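The residues making up each chain are set out below.
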Amino acid sequence: MWETIGILAAAAVIILIEVPRLIKKKLRKELWVFTILLIVGIGIGIAEGLHWPIPNPLDMVIAVYEPISNIIYGPLKEG
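Bear in mind the structure is a predicted one, so any value in this text is a computation, not a measurement.

Digging into the overall build of the protein
Within the protein, the regular secondary structure consists of three helices and zero strands. Seen in sequence order, the protein has helices and strands lined up from the N terminus as α-α-α. Relative to the compact-globule value of 12 Å for 79 residues, the protein shows a C-alpha radius of gyration of 21 Å, a clear excess of over 25%. With the principal axes as the frame, the protein shows a C-alpha extent of 65 × 35 × 10 Å. Carbon and sulfur atoms make up 73% of the accessible area of the protein, which amounts to about 6900 Å² in all. Within the protein, the 7 negative side-chain charges are centred at a point lying 24 Å from the centre of the 7 positive side-chain charges.

Written out as structure tokens, the structure reads:
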């Protein structure tokens, strides 16, 4: 619970610092990207703080490329 509160407090500080600058400079697209990335980061941070299993993106890359690697290097290992 304290991890969640700490993450939300840090996010609030980041919002208080960054959002007024983005609005003042009229950077609307950057504000949207900032908001989306901050929400994703908060979600992942809270999930990590609550010890939820978070999939590793490298596992997906390995799942895609391992069969290709086996096709290419398979005959080389046998011979």
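Looking at the confidence of the model for the protein
Close inspection of predicted coordinates is inappropriate in any region flagged by low pLDDT. With 97% of its residues at a pLDDT of 70 or more, the protein shows a mean pLDDT of 91. Averaged over each element, pLDDT in the protein is lowest for helix H3 (residues 57-78) (86) and highest for helix H2 (residues 28-49) (95).

Concerning unusual backbone geometry
The phi dihedral of Lys26 falls on the positive side, at around 60°, and the residue is not glycine. Assignment of secondary structure puts Lys26 in the loop between helix H1 (2-24) and H2. Judged by relative accessible area, Lys26 falls into the exposed class, the value being 65%.

A closer look at the nonpolar core
Counting eight residues, the largest nonpolar core consists of Ala11, Val19, Leu22, Leu31, Phe34, Leu38, Ile42 and Ile46. Broken down by secondary-structure element, the contributors of at least two residues to this core are H1 and H2. If one sorts the elements of this core by residue count, H2 sits on top with five residues. Once you skip the residues sitting within four places of it in the chain, Leu31 turns out to touch Val19, Leu22 and Ile23.

Calculation notes
Residues numbered from 1 in each chain as written. Predicted model: local features only at pLDDT ≥ 70, side-chain atom pairs only at ≥ 80, totals over all residues. Heavy atoms only, no water. Helix = DSSP H or I, 4+ residues; strand = E, 2+ residues; numbered from the N terminus. Rg over C-alpha atoms; globule rule 2.2 N^0.38 Å. Areas by Shrake-Rupley, 256 points an atom, 1.4 Å probe, with all protein chains shown as cover. Lys, Arg positive; Asp, Glu negative; His and termini not counted. Charge placed at Lys NZ, Arg CZ, Asp CG, Glu CD. pLDDT = per-residue confidence, 0-100. Buried < 20%, exposed > 50% of the residue type's maximum accessible area, 1.4 Å probe, protein only. Core = buried A, V, L, I, M, F, W, Y, C linked by side-chain atoms within 4.5 Å. Contact = heavy atoms within 4.5 Å.

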